[in-house]
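One-letter residues, chain by chain:
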Amino acid sequence: MPERDGGSASLIEYPSEFPIKVMGLQVDGFVEAIVAVARRHDPDLDESKLELRPSRAGTYLGITITVTVNSRTQLDALYRELSAHPMVKVVL
């Protein structure tokens, strides 16, 4: 049976496959940079689950990356690192 992390405050059961949307300018190295950050938090990251969506004008790129998280602490650390990355505009 999956464990709940963080007591009754968490609605996520761990371990869990968790999609994260990351948006930034569509520039060389953006996808690779996001994959590198995600891989630090999920070494077994399955890159085949990566979804890329360019904006209509092609200026921005949305990346949906599905990571396996084992705790709220791990998920929070990933969000913090992605949010602090200089190439990232938004993390959802």
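Computed from a prediction, not measured in an experiment: that's the story for all the values here. Chains are numbered independently. Their residues run from 1 in the order of the written sequence. pLDDT decides what is reported in this predicted model: residues at 70 or higher carry local features, side-chain atom pairs at 80 or more are listed and counted, and totals for whole chains, interfaces and linings draw on all residues regardless. The basis for the side-chain values is all heavy atoms of the structure; hydrogens and waters are excluded.

Chemist: Let's hear about the packing of helix α1 (residues 30-41) against helix α2 (residues 72-84): which residues, and what values?
Modeler: Contact geometry of α1 with α2 gives a least axis separation of 10 Å together with a crossing angle of 155 degrees. In this view, α1 runs roughly antiparallel relative to α2, as classed from their interaxial angle. The handedness of the crossing between α1 and α2 comes out as right-handed. Residues I34, V37, A38, R40 and H41 of α1 form the contact with α2, whose own contacting residues are Q74, A77, L78, E81 and L82. Residue classes follow a fixed rule: Ala, Val, Leu, Ile, Met, Phe, Trp, Tyr, Cys and Pro count as nonpolar, while Asp, Glu, Lys and Arg count as charged, and any other residue, Gly among them, counts as polar. Here the residues of the contact of α1 with α2 are counted per class, giving six nonpolar, two polar and two charged. Lines fitted to the C-alpha atoms define the axes, with helices restricted to the stretch that makes contact. Angles between their N-to-C directions range from 0 to 180 degrees. Secondary structure follows DSSP: runs of H or I at least 4 residues long count as helices, runs of E at least 2 residues long count as strands, and numbering of each begins at the N terminus. Convention used here: angles under 35 degrees read as roughly parallel, angles over 145 as roughly antiparallel, angles from 65 to 115 as roughly perpendicular, and any remaining angle as oblique. Handedness of a crossing follows from how the near helix is turned relative to the far one, being left-handed for an anticlockwise turn of less than a right angle and right-handed for a clockwise one. Residue contacts follow a heavy-atom distance rule, with two residues in contact if any of their heavy atoms lie within 4.5 Å.

Chemist: Outline the environment of F18, listing residues and values.
Modeler: With respect to the helices and strands, F18 occurs in strand β3 (residues 16-25). Taking C-alpha positions, F18 is 8.8 Å from L75, a pair spaced 57 residues apart along the chain. Residue contacts for F18: discarding those within four places in its chain leaves I12, I65, T66, V67, V69, L75 and Y79.

Chemist: Hey, could you go over the nonpolar core for me, with residue numbers and the actual values?
Modeler: Membership of the largest hydrophobic core comes to 21 residues, with the highest contact counts inside it found for I20, V22, F30, I34, I65, V67 and L82. The set of elements that each furnish at least two residues to this core consists of β3, α1, β5 (60-69), α2 and β6 (88-91). Looking at this core element by element, the count peaks at six residues for α1. Nonpolar core, defined: a set of buried Ala, Val, Leu, Ile, Met, Phe, Trp, Tyr and Cys residues in which side-chain atoms within 4.5 Å join the residues together. Three labels apply to residues, based on accessible area from a 1.4 Å probe with only protein chains included: buried if under 20% of the type maximum, exposed if over 50%, partly exposed otherwise in between.

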